[in-house]
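# What the coordinates show
Spelled out, the chains give:
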Amino acid sequence: MNQLYYRSTRGAGEPVTASQAILQGLARDGGLYVPESIPQLDCTMEELAEMSYPETAYAVMKQFLTDFTEEELKTCIARAYDSKFDTPEIAPLRKVEDLCYLELFHGATIAFKDMALSILPHLMTVSARKNGVKNEIVILTATSGDTGKAALAGFSDVEGTRIVVFYPKDGVSPIQEKQMVTQKGANTMVVGIHGNFDDAQSGVKALFGDRQLEQELDAAGFQFSSANSINIGRLVPQVVYYVYACAQLQKRGELQPGELLNVTVPTGNFGNILAAYYAKSMGAPIGRLVCASNENKVLFDFFRTGTYDRNREFILTSSPSMDILISSNLERLIYKVAGEDPRQNASFMEQLSRTGAYTLPEEMRQRLQDFYGDFTDEAGTAEAIRQVYKASGYIMDTHTAVAAHVAKDYRAQTGDQAPMLVVSTASPYKFTRSVMSAIDPKYEQAEDFALVDELSRLSGTPIPQAIEDIRSAPVLHRTVCEKDEMWDVVKRFLGVK
Ligand SMILES: *Cc1c(COP(=O)(O)O)cnc(C)c1O
């Protein structure tokens, strides 16, 4: 089989193999790695419909990670998608009213980040071995709440790695914070920063770009990589569940052969919806990609006007994992609609970092027709939770609720009645306070864990192990820093002077 190589969206440097791209995370010129072409599925939907989740993962991922042997990839998959998930389906589908929910929160940390972060550490250690890496790999991660815990759980005590997670001190839910600061593992560090997610992400990107730091670390036996969705080792595993969902829905007769499935994705950094776009480009029967934002609606404005403008107030919402004004993965789409011209893409990204905005020319906007952007405000989010619960008893989290509201609006506004998949990105137990207050304001006064018990009673679902685990867990991480101190914190953790 031909090798698939990866290039930086900003053009500098030679193409690299998949394992090299996974090891590096971000390309050295600050760009993101993209496959030279999107590979095609080499099996039919009928064949896929008979496959388990791990089998589907192999069928999809082998097309992208061509320098992994069959045994290497199958071992990574087997170690990732096992009993850490609370259901053998891994990514179950739920039909509620006239929407299909793809539940991606059945992993160890009860958010969709587990779908990719339970496999990334294995892909990373295989990649290190393949490329003869001697250094210890230091995973630097910025999180808006969910990536941090999922990455910590994935990398905790993985030999040859350390992980540092930066989160916005006042920008995550109480349960998200408790999950992170109770993380065990001698190779883990969790740091709250005085700033928002974009500050954390920009800080991490700056550390990646610091050549002097890179040399100091190399001398001390360390090198950085990333567990953020800028890493293609995050993106590729996310393509799997879209292919899986299409095949399973066809098998159940929810999607007819030849019919296309619309997909609504609650979006922050644009990684999850980009994976859906890759699945469509591989040949999965996907129609419209509906990008759902909360009140930080940069992407809605972008799809409506062609101008990406981050110069606006950063709003803290009840869907904190989508409180993002710089959606990193959008760069991969911009590169694509720029006709894969790295210079043109780099010029937009340069404008974005200098002025906070850029505008696509009309012919590039024309190439965005697969996408449709919309948003939901806080009242709409709460209303979606309440209404679906009252109508069906199904309780969804705030991020999923943003998407459910947008999916219904999309149908009403466009008249497009094709089957709709709503991507359910977190368990309601992760955002209990917001979820329960949406159902009934009387819960606003209750205690966190009293709400957990009440949620279990109302929804008739068992309390996830991830929540039981933090009820009494001791806080192990207390570091808080300013956004310009991230460098010092990392060096201190690694014992580098
Ligand atoms: C990360 C996250 C999102 C946003 O996903 P992106 O890939 O960053 O667009 C949405 N919902 C939840 C619960 C998340 O954790």
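Residues numbered from 1 in each chain as written. Predicted model: local features only at pLDDT ≥ 70, side-chain atom pairs only at ≥ 80, totals over all residues. Heavy atoms only, no water.

## A word on the packing of aromatic side chains
Counted under the stated rule, the structure contains 17 aromatic pairs. For the pair Tyr53 and Tyr244, a centre-to-centre distance of 5.0 Å together with 75 degrees between the ring planes defines the contact as edge-to-face. Taken as a pair, Tyr53 in helix H3 (residues 53-64) and Tyr244 in helix H11 (residues 232-251) lie far apart in primary sequence, 191 residues in all. Judged on exposure class, the residue Tyr53 and its partner Tyr244 are both buried. Ring pairs connect the aromatic residues Phe270, Tyr277, Phe302, Phe303, Tyr308, Phe348, Tyr358 and Phe371, which therefore count as one cluster. One Lys or Arg, Lys130, reaches over the ring of Phe68 and ends 5.6 Å from the middle of that ring. Positioned over the ring face of Phe375 is Lys297, at 5.4 Å from the centre of the ring. (Phe/Tyr/Trp six-rings, centres within 6.5 Å; stacked < 30°, edge-to-face > 60°. Helix = DSSP H or I, 4+ residues; strand = E, 2+ residues; numbered from the N terminus. Buried < 20%, exposed > 50% of the residue type's maximum accessible area, 1.4 Å probe, protein only. Lys NZ or Arg CZ within 6 Å of the ring centre and 35° of its normal.)

## Comments concerning helix H9 (residues 197-209)
In this model H9 runs 18 Å from its N-terminal to its C-terminal C-alpha over 13 residues, within 8% of the 18 Å that 1.5 Å per residue would give. Listed in full, the buried residues belonging to H9 are Phe197, Asp198, Ala200, Gln201, Gly203, Val204, Leu207 and Phe208. Between a side-chain oxygen at the N-terminus of H9 and the backbone nitrogen of Asp198 the separation is 3.0 Å; the capping residue is Asn196. (Expected span 1.5 Å × (residues − 1). Polar contact = N/O pair within 3.5 Å; in protein donor to acceptor, adjacent residues only side chain to side chain.)

## Some remarks on the site of the ligand
In the neighbourhood of the ligand, 15 residues make up the surrounding shell, with Lys113, Asp146, Gly268, Asn269 and Asn272 lying closest. In the model, an oxygen atom of the ligand is placed 2.7 Å from a nitrogen or oxygen of the Asn269 main chain. For the ligand, an oxygen atom lies 3.2 Å from a polar atom in the backbone of Gly271. (Near = heavy atom within 4 Å.)

## Remarks on helix H18 (residues 398-414)
In this model H18 runs 24 Å from its N-terminal to its C-terminal C-alpha over 17 residues, within 8% of the 24 Å that 1.5 Å per residue would give. The element H18 is extensively covered by neighbouring structure, given that 12 of its 17 residues are classed as buried. If you check which residues of H18 are buried, you get Thr398, His399, Thr400, Ala401, Val402, Ala403, Ala404, His405, Val406, Ala407, Tyr410 and Arg411. Once H18 ends, the next one or two residues include Gly415, with phi positive near 75 degrees.

## Some words on the sheet that holds strand S8 (residues 222-226)
Strands sit in the order S8-S5-S6-S7-S15 across an open sheet of five strands; the sheet is parallel. If you trace the sheet from one side to the other, it starts and ends with S8 and strand S15 (479-482), each paired once. Shown here is a sheet whose adjacent strand axes are inclined to one another by a mean of 30 degrees, direction ignored. The pairing of strand S5 (residues 136-142) with strand S6 (residues 161-168) spans six bridges and is classified as parallel. Bridging across to S6, Leu140 finds its partner in Val164. In the packing of helix H7 (residues 146-155) onto the sheet, the strands contacted are S5, S6 and strand S7 (188-194), and the crossing angle to S6 comes to about 165 degrees. (Pairing = 2+ DSSP bridges. Axes fitted to C-alpha atoms, helices over the stretch in contact; angles between N-to-C directions. Contact = heavy atoms within 4.5 Å.)

## Some thoughts on unusual backbone geometry
Trans peptide bonds make up the majority, and among non-glycine residues the majority have a negative phi. Within the chain, Ile110 stands out as a residue other than glycine whose phi angle is a positive 55 degrees. Topologically, Ile110 is positioned in the loop between strand S4 (99-103) and helix H5 (113-117). A relative accessible area of 4% places Ile110 in the buried class. If you check the backbone angles, Phe270 has positive phi at about 70 degrees while not being a glycine. With respect to the helices and strands, the residue Phe270 is situated in the loop between strand S9 (261-266) and helix H12 (271-282).

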